[in-house]
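One letter stands for each residue in the lines below.
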Amino acid sequence: MKLKELESHLQQVETFPDPKLHLEQYITTPHLASQIAFNIDKIYDDISGKKMCEFGIGTGMLTIACSFFEPAYSLGVDIDNDALAICQKNLEFFEFDNPVDLLQADVKQFLNKENSFDKFINYFDTCVMNPPFGTKNQKLETNEKQYGIDIQFLMIASEFCAGSIYSLHKSVTRDYLKKKAKQWNMKMEIVSELKYNIPKVENRNKKLFKESKEKDIAVDFVRLSHIV
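Residues numbered from 1 in each chain as written. Predicted model: local features only at pLDDT ≥ 70, side-chain atom pairs only at ≥ 80, totals over all residues. Heavy atoms only, no water.

A. Inspection of the overall build of the protein chain at higher detail. Secondary structure assignment for the protein chain yields 6 helices and 9 strands. Looking at the protein chain as a whole, 49% of its 228 residues qualify as buried. At a minimum sequence separation of 6, the contacts of the protein chain that also span at least 24 residues come to 72%. Taken as a whole, the protein chain presents about 11900 Å² of accessible surface, with 47% of it coming from carbon and sulfur. (Helix = DSSP H or I, 4+ residues; strand = E, 2+ residues; numbered from the N terminus. Buried < 20%, exposed > 50% of the residue type's maximum accessible area, 1.4 Å probe, protein only. Contact = heavy atoms within 4.5 Å. Areas by Shrake-Rupley, 256 points an atom, 1.4 Å probe, with all protein chains shown as cover.)

Structure, rendered in structure tokens:
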């Protein structure tokens, strides 16, 4: 499939009608998603025939983009049932032959060893995601200290993905990400440097007006792979 053809297909993906600011439900555009999936498949051969996962699948833009390259299986996880309902609708529209399962879960549940998610440890070959950047003070507690939620997503992906992780993160966190990757015995490379648009969100609370202004932020598209 050609890149322009993929982007054209993704224009049909239904997105958030009313994004939830506290969940940082920013839209991954068809242009960006097509570029990501195309590069993962054509440069790294990390989609076709692979078992894939996406934490924070939202309405499914990235997983759907990857599904055009025929992974063996995909699992999408999100905390928001409304987003998952739209995602399911999108998947039904495209009618992919490769199976895609959706799971409603809080990312914190994957850290709890008492849950049944241990069966997924090292199960997936590839993980692709556009996690919340943590700009709305989303943090999760661990035994040692607090990590921004995007770092938490990566930490979980490093345990459940035996192959490569592809993710978007603010460029200002690059050095910290490299440090964490080393701690997880992973190699990190910058696939590309991007400008990510954070759209203006209408909000009646004047105290949040500055937070809701549209802006472009520098973002790294990174690839993490386990060091054997």
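B. Just the state of the cysteines, in detail. One pass over the structure, following the stated rule, counts 0 disulfides. Left without a disulfide partner, Cys53 is nearest to the cysteine sulfur of Cys127, which lies 3.5 Å away. (Disulfide = S-S within 2.5 Å.)

C. Up close: the layout of surface pockets. Quantified by volume, the largest pocket comes out at close to 560 Å³. Around the largest pocket, the lining comprises 34 residues; the ones closest to its centre are Leu23, Gly56, Asp78, Asn130 and Pro132. The set of elements that each furnish at least two residues to the lining of the largest pocket consists of β1 (51-55), α3 (61-67), β2 (73-78) and α5 (149-160). Looking at the lining of the largest pocket residue by residue, the class counts come to 20 nonpolar, 9 polar and 5 charged. (1 Å grid on protein atoms, 1.4 Å probe; cavity = no way out; pocket = protein on both sides within 12 Å on 5 of 7 lines; lining within 4 Å. Points joined across faces, edges and corners; volume = space filled by probe spheres on them. Nonpolar A, V, L, I, M, F, W, Y, C, P; charged D, E, K, R; others polar.)

D. Region of interest: the packing of aromatic side chains. Using the criterion set out here, one finds 11 aromatic pairs in the structure. For the ring pair Tyr123 and Phe124, a centre distance of 5.1 Å and an interplane angle of 90 degrees mean the geometry is edge-to-face. Overall, Tyr123 belongs to the partly exposed group, its relative accessible area being 34%. A connected cluster of aromatic rings, assembled from ring pairs, spans Phe68, Phe93, Phe94 and Phe96. Just above the ring of Tyr123 sits the side chain of Lys51; from NZ or CZ to the centre is 5.1 Å. (Phe/Tyr/Trp six-rings, centres within 6.5 Å; stacked < 30°, edge-to-face > 60°. Lys NZ or Arg CZ within 6 Å of the ring centre and 35° of its normal.)

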